[in-house]
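Analysis of the macromolecular model
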Amino acid sequence: MKQDLTRREWLAGAGAGAGALLAGPALSFATAAPSGRVSVARCKTYGSELVPTMDKMFDQLGGLGRLVKGKTVAIKINLIGVRWQRLGTAKMEDTFWTHPRVIGATVHLMGQAGARRIRVVEGPWSTAETLGEVMLSMNWQPQDILNAAANVEFENTNYLGQGTKYSRFMVPGGGLIYPGYDLNHSYEDCDVFVSLAKLKEHAATGVTLSMKNVYGATPITIYGEGAGEDEPSIRPHGGRGGVFHFARRQPSKSAPQQKDLTLPKDAGYRLPRIIAELCAARPVHLAIIDGVRAATGAETNYGSPNRPQAAINPGVLIAGTNAVATDAVGMSVMGFNPMADRGTPPFSNSDSMLRLGEDLGIGVRDPSRNEIAGTPIAEVLFDYSAVRERILAAKGKKG
Amino acid sequence: MALNADSVPMRWPAGPLEIARREKAKGSSTETAEVLRYWQDPASLAAIQGTPVNCLVVSWASGLPADASQQQALKPLIEKGRQAGLGFVGLIEGEANRPAAVAAAQAAGLSAVAMEGDPPASGGVPVIPWNKSNQGRWTADSAILGISDGLWPGIPQDRGVVSAPTNLPWVDSNGAVLLIARALAPDKAIWIDFDAPQQAKLTTEAYMLAVADPASYGASWVVSLDDQLRADLTAKKQPALDTWKKVADMLAFFEQHKQARTYQPMGPLLVVSNFGKSGWDVGEEALNLLPRIRQPFRVLARSQATGASFAGLQAIFYVDQEPPDPALRQKMTAFAKGGGTLFVPSQWPNPEGRPMPAEPYLLFNVRALGKGRLAVCKEDPPDAYDLVADIQNIISHRNDLFRLYNAPSMNFLYQASAQGRQGVIHLLNYSRRPGSDGPLFYVKEPHRSARLVSPEIASPTELQWAPQEAGGAELSLPRISVYGAVELES
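Residues numbered from 1 in each chain as written. Chains lettered and ligands numbered in written order. Predicted model: local features only at pLDDT ≥ 70, side-chain atom pairs only at ≥ 80, totals over all residues.

A separate point is the overall build of chain A. When helices and strands are counted, chain A shows 15 helices and 14 strands. In terms of overall dimensions, chain A is globule-like: its C-alpha atoms have a radius of gyration of 19 Å, near the 21 Å expected for 399 residues. The principal-axis extents of the C-alpha atoms in chain A amount to approximately 55 × 45 × 45 Å. By the burial criterion, 62% of the 399 residues in chain A qualify as buried. Within chain A, contacts between residues at least 6 apart in sequence are counted, and of these 74% link residues at least 24 apart. (Helix = DSSP H or I, 4+ residues; strand = E, 2+ residues; numbered from the N terminus. Rg over C-alpha atoms; globule rule 2.2 N^0.38 Å. Buried ≥ 20, exposed ≤ 12 C-beta atoms within 10 Å, placed from the backbone. Contact = placed C-beta atoms within 7 Å.)

Here is the structure:
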C-alpha cells in the first residue's frame, strides 16, 4: 500500500475501491466500478469462535495490517432506531444493532494489526449522549470495547462532537440528490473507514447492510427534523426522515442543498440514491456485516402485518474490501438476488442502492466479478423471505 | 361528613347555576339541560351507589343571578346525600359574593367550600384552596388542596402520535404538578380537577387513564364525566353503564391499594426547588420530561432540603435561579465533594471546584469538586429537554435502577416504602391501547418477588425474573391498555 498518500488523496483513491489498496490491482472508478474481495464465514455464536473467525476472514482479504498499520481508523457501527423498542424480549444487539462483541473483536484485531488510533463512531437516533452512555443504557459494557486495543475512543457523530467544524464530502460526478454532505470531523479525520453493519432487511430500502449503515453518519444537527434552518443546530433533535426520506424540509443551508427540488419525494427513490452517493463521497475501505444473529422483516420496529419481524440466527459473518461487493454477497446470503432492482424483492418498493452504487463507480454487484473467499454462500444461505413466509403462514395473515 | 384523604371526589354538575353558566359560555342543548336538572334530583345519586365516590363537588356560587336558586335547588340532593354518608363541597368561583356563599354553605350543611384565592375571614365551613398549579396555596390550613388546572391525560388529540425530541411521543400527564404538590404540601391530600373534553368521543380507557394518572402520583381526580356520558347514564344505556363501571373499578382499585400513597418516589436524582416564580417553568417541565427519558427521580422542597438526607443519591439538581442559603449550599457542595454530582443553574455565583478537561456535554460546564462534580448550566433559561437529557448523560446509565422497553407511550413511576422493603412501579399507558408487545422491564437489583396488579387482569400475576448476563434482570409483562403496577418485595 502506498504510505505517502494524504487523507484527501486516500479518500479520492478509495472511491476507486478501497479493495484496490488492500487486495491488489483493480479498476479505477473513472473507467468502471472496481471489483472487490469478500470473505464469508460461518460463525454460530458471539463466543470464543468470533475472534479467530474474524482474524481468518481479514487474512483472506489480504491482512488487516496492510490496511490499518499506523493508521487512524473510524469504525461506523450500527445503533439505529429508538433503542427502547426491542423485538419482543430479544436484545438490540441480537436483532438490529451491531453486536458489542463483534465491535470489540474488530477493535481488538485492528489494534493487533497496528492501528494507531481507533475511533468508534455512530449517530444514534436523536441524541447527543455519548456512545458509551447509549451502550450502557442497553446493558453493554463499553469498557470492553475501549479496552480491546490501545487508543480507542467513541464519538457520537450526530453533531459537531469533539470537532470544531463539519467536514464536507462531495459526491464524485456531482451527486444524484445532493452534491455533497457535511459530516462530523471523525469521517475525515481517519485514514481508514470501516462500516460495521448488521445483516438486516429494511422497510424502505429492501436491505440495510454496509452501504445503508453509512446513512447514519449524517449529523442530525444538519439533516434532522430539528436541524437549524441556516446553520446546523447545536444539539440533535428529531430523526432524518423529514429531510432524507420525504424531503419535507431541506438540510441546514450551510450544507450542500438538494440539486433539484422537483425530484420524487418517495423514500424508495430517495434513500437508495442518498446512500449510494454517501458511499461514493465517503468511501468504505472495509465492510463488515454481522449476521451471527439478526432480524428479518425490517430494521427496528417498522414491521407490519405483512412484513412480520423475527429474531433469527443466520450464524454468518461477511467482510469485504468493497461495500457494494460485500452487500451483494450479503444479499446472496439472505437469499436475494444481488442483481435485483426495483420491483423485485427485496427492492419491491425501492431502487437498488447497489445498482446505484455501481453506477457511481463504487463497486460491482455481480458475484462473478467479485472474488469470494471462505465458506461457500450455499453453506451459509439463510433465506430471509422464507422466514417471513413461515411466519405469515403460521399466522394465516398472508395478504 | 368530614373530608379527609379517604374522600373520593366527583364533580356533580346539576341545577340552575350549571345551566346558566353553560348558556352564558356556549349555549346548552335541551338534552344537556334536562340532564343537569335530572342530576339535581336525589334519585340521581343511585349512579354512585356501590362505587368509591363519597364526596360530590357541586357548583355553589359564581356571581350569576342563578346562585341563589342553585343553592335552593340542590337542597334535596344534599339532604339525601348526607343521609347516605356523602360529603358535599361547594365550588365558589368568579365574582361570587364569597361571605354570603360560605354562609349559605354552612346553612346547607356542606362539608366544605372550595375557592381560588384567599377565603373570607369568617368561615364556618372548611375552605379547600382551589388554585392553578403554579399558584398553589401549599401551606394553607386545609387537609385537602385542590389543583384547578389539571390536564386530561393522554397523547394530545391535536398532535396525534408524534415523535418528540425524547424519541417517544409527547404525552399529557399531571405527574409533574402532582409531584411538586406532594413535595410542597407533603401532609395534605391533593385533588386535581380537569374536565373531560366535550368535543371528543371518549373511550372507556380514556376515563380509566384519567383516574389512574393522578392516582399513581398519590392524588385524586375530581371525577368529571362529559355531557354525553352523563346523558347516556341518565338514559341507562348499557355502553355508558359499562364505562362508568370501569371507572368505578379503577377508583376502587386505587382505594384497595392506597397504602402506596404513603410510598415516596425514589431515584438516584433529587430535584430541589421551591417551585416559585424563578423555578416553576424549568422545574415543572423537567419533571414532565424526566419520566419520558425514563430517569427515576425524587422531588424535595427547597425549604426542607437542609434537613433532609441525601443518602443513596447520585445527583442533585438545584433548579432555582436564586442561590440557596449558605447552609443548603454547603450541604449540597459537601454532597458533591463526597462523590455526587450537583447540577446548578447558570446564575451560581463563584462556582466551586476546577474546570474539568473538555467534556462532550452540551448544556453544562462540568467542574471537578472533591470526589464529585459541579455541573453549571450554560444557558438561562435552558431548553428543558436538553437540560434533562444532559443531566441523564452526565449521571450515566451505568447505575440505572430500571429501564422500560417496548412501551413508547408509557411512563413509569417508582415509589418505595419508608423502609424500602416494598416498592411499586406504576405503569401508565398514555396511548390507552395495548402495544404489539408487552412492556419489558429491566431491574438492576432483582427483588424477592414481583407481581403485577392491575384492574385489567383478574388477579395478581407473579412475574418471573430473567437474569441478564451483564447484571440485573428483566421482567416480561403482559400487554397493558391503561394501567398496571409491579409490586416489588425485598
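There's plenty left to go through after this.
Moving on: the overall build of chain B. Within chain B, the regular secondary structure consists of 13 helices and 25 strands. The C-alpha atoms of chain B give 24 Å as radius of gyration, which agrees with the globular expectation for 490 residues (23 Å, within 12%). Viewed in the frame of its principal axes, chain B has a C-alpha envelope of about 70 × 50 × 40 Å. Residue burial in chain B is summarised as follows: out of 490 residues, 50% are buried. Taking all contacts inside chain B whose residues are at least 6 apart in sequence as the whole, residues at least 24 apart take part in 70%.

Residues and elements named next belong to chain A. Two elements in contact, helix α3 (residues 50-60) and helix α5 (residues 100-112), have axes whose closest approach is 10 Å; the angle formed by their N-to-C orientations is 55°. Put simply, α3 runs oblique to α5. The way α3 lies across α5 gives a crossing that is right-handed. For the pair α3 and α5, contact is made by Leu50, Val51, Met54, Asp55 and Phe58 and by Arg101, Val102, Ala105, Thr106, His108 and Leu109, respectively. (Axes fitted to C-alpha atoms, helices over the stretch in contact; angles between N-to-C directions. Parallel < 35°, antiparallel > 145°, perpendicular 65-115°, else oblique. Left-handed = near helix turned anticlockwise from the far one by under 90°.)

All names here are of chain B. Taken as a whole, chain B is organised into domain 1 (9-256), domain 2 (267-399) and domain 3 (402-489). A separation of 37 Å is found between the C-alpha centroids of domain 1 and domain 2. Taken together, the contact between domain 1 and domain 2 spans eleven residues of the former and 13 residues of the latter. Residue composition of the side of domain 1 that touches domain 2, by class: eight nonpolar, three polar and no charged. (Domains from an automatic or database assignment. Nonpolar A, V, L, I, M, F, W, Y, C, P; charged D, E, K, R; others polar.)

A few words on the sheet that holds strand β10 (residues 269-273) of chain B. All names here are of chain B. Taken in spatial order, the seven strands of this open sheet run β11-β10-β12-β13-β16-β15-β14, and their pairing is mixed. Each end of this open sheet is capped by a strand with a single partner; those strands are β11 (297-301) and β14 (354-355). Where β10 and strand β12 (residues 315-318) come together, four bridges link them in parallel fashion. Residue pairing in the sheet places Leu269 in a bridge with Ala315 of β12. (Pairing = 2+ DSSP bridges.)

Looking now at the pairing of strand β24 (residues 473-476) of chain B. Residue and element names in this part refer to chain B. In this structure, strand β20 (residues 440-443) lies alongside β24, joined through four bridges in antiparallel fashion. Directly across from Phe441, in β24, lies its bridge partner Leu475. Both strand β23 (residues 465-467) and β24 contribute to a ladder of three bridges, which runs antiparallel. Directly across from Pro467, in β24, lies its bridge partner Ala473.

With an omega of 5°, the peptide bond running from Pro345 of chain A to Pro346 of chain A counts as cis. In this fold, Pro346 of chain A is placed in the loop between α12 (323-333) and α13 (353-359). Each neighbour pair has its own omega, and for Asp380 of chain B with Pro381 of chain B the value is -5°, a cis peptide bond. Along the chain, Pro381 of chain B falls in the loop between β16 (372-377) and α13 (384-395). Here the phi dihedral of Phe275 of chain B falls at roughly 50°; this positive angle occurs in a residue that is not glycine. Its place among the elements puts Phe275 of chain B in the loop between β10 and α10 (280-289).

Quick look at the interface of chain A and chain B now. Listed per partner, the contact involves 25 residues of chain A and 24 residues of chain B. Here the side of chain A that touches chain B is built from residues that sort into six nonpolar, 15 polar and four charged.

What follows is about helix α15 (residues 384-395) of chain A. Residue and element names in this part refer to chain A. Between its first and last C-alpha atoms α15 spans 17 Å; for twelve residues at 1.5 Å apiece the expected length is 16 Å, and the two agree. Taken residue by residue, α15 has Tyr384, Val387 and Arg388 as its buried positions. Along α15, the residues classed as buried sweep out an arc of 95° about the axis, all on the same side. Pointing more than 90 degrees away from the buried face of α15 are the exposed residues Ala386 and Ala393. Buried residues along α15 sit in contact with β8 (200-202), β11 (294-296) and β12 (310-312). Gly396 sits one or two positions beyond α15 and adopts a positive phi of about 65°. (Expected span 1.5 Å × (residues − 1). Arc of directions from axis to C-beta.)

We now examine the environment of Ala113 of chain A. All names here are of chain A. Mapped onto the fold, Ala113 is located in the loop between α5 and β3 (117-122). Along the sequence, Ala113 and Tyr384 sit 271 residues apart, while their C-alpha atoms lie 35 Å from each other. With near-sequence residues (within four places) excluded, Ala113 lies in contact with Leu64, Gly65, Val68 and Lys69.

Residues and elements named next belong to chain B. With their axes 8 Å apart at the nearest point, helix α6 (residues 175-184) and α10 run at an angle of 120° to one another. Taken together, the axes of α6 and α10 are oblique relative to one another. As for the relative orientation of α6 and α10, their crossing is right-handed in sense. Where α6 approaches α10, its residues Ala176, Val177, Leu179 and Ile180 are matched on the opposing element by Glu284, Leu287 and Asn288. Of the residues contributing to the contact of α6 with α10, the split by class is five nonpolar, one polar and one charged.

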